[in-house]
Amino acid sequence: MELTTSYAFGKTVDIPYAEAVARVREELAKEGFGIMTEIDVKGKFKEKLGKEFRDYVILGACNPAMAWEAFQRELGIGTLLPCNVCVYTGDDGATAVMVMDPVAALGLIGNPALTELAGLVRQKLERVLANL
């Protein structure tokens, strides 16, 4: 992935912001994820602070079957769910898509039973990005 941090990975895509958001939703659905939450960051900053911001949405994605497995292994896992997927306009005007790294996030718990599951979730999210 061309965009990486210690907690997320992603890439820039050669499509406009609104189309990227729609495509991300489609690709997440193909991998069994639904959107549980959606935050229009630009809109919220304007509403709450009167500040202008770039196009930026946070999609709280959840794969119910995998979430079920995670909750069976660690009841407090809800503090780290859902998997956030961000679509935003970068400084250069390009559209970026960043995904929370479930391996890094679930690694905070220190429960080895979650390691394999986190890897499977990551594979699904990598496919979402690859298909954009």
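For clarity, every value in this text was computed on a predicted model and none was experimentally measured.

1. So, the pairing of strand β6 (residues 95-100)
Taking burial as the measure, the 6 residues of β6 include 6 buried ones, the bulk of the element. Of the two faces of β6, both are covered, the one formed by T95, V97 and V99 as well as the one formed by A96, M98 and M100. Pairing of strand β2 (residues 8-13) with β6, which is carried by 6 bridges, proceeds in the antiparallel orientation. Bridge pairing links G10 to M98 in β6. Adjacent in sequence and paired antiparallel, strand β5 (residues 83-89) and β6 are bridged by 5 residues, among which G93 carries a positive phi angle near 90°.

2. Re the side chain of N63
Structurally, N63 is set in the loop between β4 (56-62) and α3 (64-73). Excluding its chain neighbours within four sequence positions, the residues that come into contact with N63 are E31, G32, F33 and K124.

3. Description of unusual backbone geometry
Of the consecutive residues L81 and P82, the connecting peptide bond is found in the cis state with omega at 0°. Within the element layout of this structure, P82 appears in the loop between α3 and β5.

4. Regarding the sheet that holds strand β1 (residues 3-4)
Read from one edge of the open sheet, 6 strands run β1-β2-β6-β5-β4-β3, paired in antiparallel fashion. Either end of the sheet is taken by a strand with one partner, and the two such strands are β1 and β3 (34-40). Taken together, the 2 bridges between β1 and β2 define a ladder with antiparallel strand orientation. Residue T4 lies in a different strand from β2, and its bridge partner there is F9. Contacts between helix α2 (residues 41-49) and the sheet are confined to β3 and β4, with β3 contributing the most and set at about 40° to the helix. Contacts from helix α5 (residues 115-130) reach β2, β5 and β6, with the element oriented near 10° to β2.

5. Topic: the environment of Y7
With respect to the helices and strands, Y7 occurs in the loop between β1 and β2. In this structure Y7 comes out as exposed when scored by relative accessible area, which is 55%. Separated by 21 residues in sequence, Y7 and L28 place their C-alpha atoms 19 Å apart.

6. Observations regarding empty space enclosed by the protein
Think of a ball as big as a water molecule: rolled over the atoms, this probe shows where empty space is left. Applying the stated criterion across every chain, the model contains 1 cavity of 30 Å³ or more. As a volume, the largest cavity reaches approximately 140 Å³. Along the wall of the largest cavity there are 16 residues; nearest its centre are M66, A67, L81, C83 and V121. Of all the secondary-structure elements, those providing two or more residues to the lining of the largest cavity are β4, α3, α4 (102-107) and α5.

Cut-offs used in this document
Residues numbered from 1 in each chain as written. Predicted model: local features only at pLDDT ≥ 70, side-chain atom pairs only at ≥ 80, totals over all residues. Heavy atoms only, no water. Buried < 20%, exposed > 50% of the residue type's maximum accessible area, 1.4 Å probe, protein only. Helix = DSSP H or I, 4+ residues; strand = E, 2+ residues; numbered from the N terminus. Pairing = 2+ DSSP bridges. Contact = heavy atoms within 4.5 Å. Axes fitted to C-alpha atoms, helices over the stretch in contact; angles between N-to-C directions. 1 Å grid on protein atoms, 1.4 Å probe; cavity = no way out; pocket = protein on both sides within 12 Å on 5 of 7 lines; lining within 4 Å. Points joined across faces, edges and corners; volume = space filled by probe spheres on them.

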